[in-house]
Amino acid sequence: MIAIENLIFGYHKKEVVLENLNLHLKPGGIYGLLGRNGAGKSSLLHHICGLLFPNSGTCRVADKNPADRSPEFLQQVYLLPEDVYLPNVSIKSYIDIYAPFYPEFNHDLFFKFLTEFEILANGKLQSLSYGQKKKVMISFALATQVKVLLMDEPTNGLDIPSKKQFRKIIAGNVNDDQLMIISTHQVKDLDSLIDSVLILEDKKIILHQSVDQITEKLVFKQVMNLEEVAAPIYSEGALKGYAVVAVNSKHEQSRLDMEMFFNAVQTEKQQILSQFN
Ligand SMILES: Nc1ncnc2c1ncn2[C@@H]1O[C@H](COP(=O)(O)OP(=O)(O)OP(=O)(O)O)[C@@H](O)[C@H]1O
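Quick caveat, the model's predicted, so the values are computed rather than measured.

Each value, and the rule that gives it
Residues numbered from 1 in each chain as written. Predicted model: local features only at pLDDT ≥ 70, side-chain atom pairs only at ≥ 80, totals over all residues. Near = placed C-beta within 6 Å. Nonpolar A, V, L, I, M, F, W, Y, C, P; charged D, E, K, R; others polar. Pairing = 2+ DSSP bridges. Helix = DSSP H or I, 4+ residues; strand = E, 2+ residues; numbered from the N terminus. Axes fitted to C-alpha atoms, helices over the stretch in contact; angles between N-to-C directions. Domains from an automatic or database assignment. Parallel < 35°, antiparallel > 145°, perpendicular 65-115°, else oblique. Left-handed = near helix turned anticlockwise from the far one by under 90°. Contact = placed C-beta atoms within 7 Å. Buried ≥ 20, exposed ≤ 12 C-beta atoms within 10 Å, placed from the backbone.

A. Structural context of the site of the ligand. Residues in close proximity to the ligand include Tyr11, Val17, Gly35, Asn37, Gly38, Ala39, Gly40, Lys41, Ser42, Ser43 and His185, which together make up its full environment. Split into classes, the residues belonging to the shell around the ligand amount to three nonpolar, seven polar and one charged.

This is how it looks when you write it as structure tokens:
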């Protein structure tokens, strides 16, 4: 569904943001795109939806060149940007204006998501708070039912119960023929939501692994003493002892702690990456 090869991009000639970036993604999954501030996550998403063009290399999405911005392509891709700027119209008028751009738009789903987010459908967009606007746009994005759904920091502005609601709504509404990329540096928000992790660093994707592959190679556990753990790679002080990421040499079952994993990659990059080579 997405095939990016040797992509090089910079906003200015002297400063390359993405360099020889390769990425191949199949439909049927939710990918978490993680990276530090300024790593290039938004720039990558903008290439996938045709808002930025590579300096060199190729970017193909749903068998099309996003840079052509053909109507058939634009009907199948939706980017929910980090900051949402909405016109001064009612929610219903917004739907009347923008939903027709997406042939598969499902009105019932849209209003169902609004209800789940506790947003009144008869309100004006401008009278909503930032977090409420974000919820309307998340509902819109999901209701488009496009093949490629890109969300840039979707949980910014959502309170804690709404983040939980967000995870629930997303998890139940991505079909096998769809692909979703959620970009964030708030890695905790992706816990138990995504199928695969993409880490963007050093101008390229340095890690692309499914959650199952990660927990097959690494074990995440809480211990009282670090001596209890064979082959620890990374540890943090926890309420009771330590939270540890270790080599999963005994094939133990554990739950991926996204924040621990991301921190481990930041501080013990070579050791973590070598587990997957
Ligand atoms: N319009 C622009 N003009 C020039 N440079 C830009 C522009 N947008 C982004 N950049 C630069 O490109 C780099 C990557 O930015 P980008 O927004 O893609 O990162 P990001 O990973 O999404 O960051 P964040 O997590 O902070 O949102 C940064 O160094 C940023 O300063």
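B. Structural context of the sheet that holds strand S11 (residues 232-238). Read from one edge of the open sheet, three strands run S10-S12-S11, paired in antiparallel fashion. Single-partner strands in this sheet number two, and they are strand S10 (218-223) and S11. Between one strand and the next, the sheet's axes are offset by a mean angle of 15 degrees, whatever the strand orientation. Direction of pairing for S10 relative to strand S12 (residues 241-247): antiparallel, over a ladder of six bridges. Note on S12: the bridge partner recorded for Gln222 is Ala243.

C. Representation of the domain arrangement of the protein chain in the model. In terms of domains, the protein chain is made up of domain 1 (2-202) and domain 2 (212-274). Its residues placed into classes, the side of domain 1 that touches domain 2 shows five nonpolar, no polar and two charged.

D. Structural detail: the packing of helix H4 (residues 107-116) against helix H5 (residues 130-144). With their axes 8 Å apart at the nearest point, H4 and H5 run at an angle of 150 degrees to one another. Between H4 and H5, the angle falls in the class roughly antiparallel. Two packed elements cross with a definite hand, and for H4 against H5 that hand is right-handed. Judged by residue contacts, Leu109, Phe110, Phe113 and Leu114 of H4 engage Val136, Ser139, Phe140, Leu142 and Ala143 from H5.

E. Quick peek at unusual backbone geometry. Here the phi dihedral of Asn20 falls at roughly 50 degrees; this positive angle occurs in a residue that is not glycine. Here Asn20 lies in strand S2 (residues 18-25). Asn20 gets classed as partly exposed once you count the C-beta atoms within 10 Å, which come to 13. Even without glycine at this site, Glu153 takes up a positive phi of about 50 degrees. Relative to the helices and strands, Glu153 is located in the loop between strand S6 (148-152) and helix H6 (160-171).

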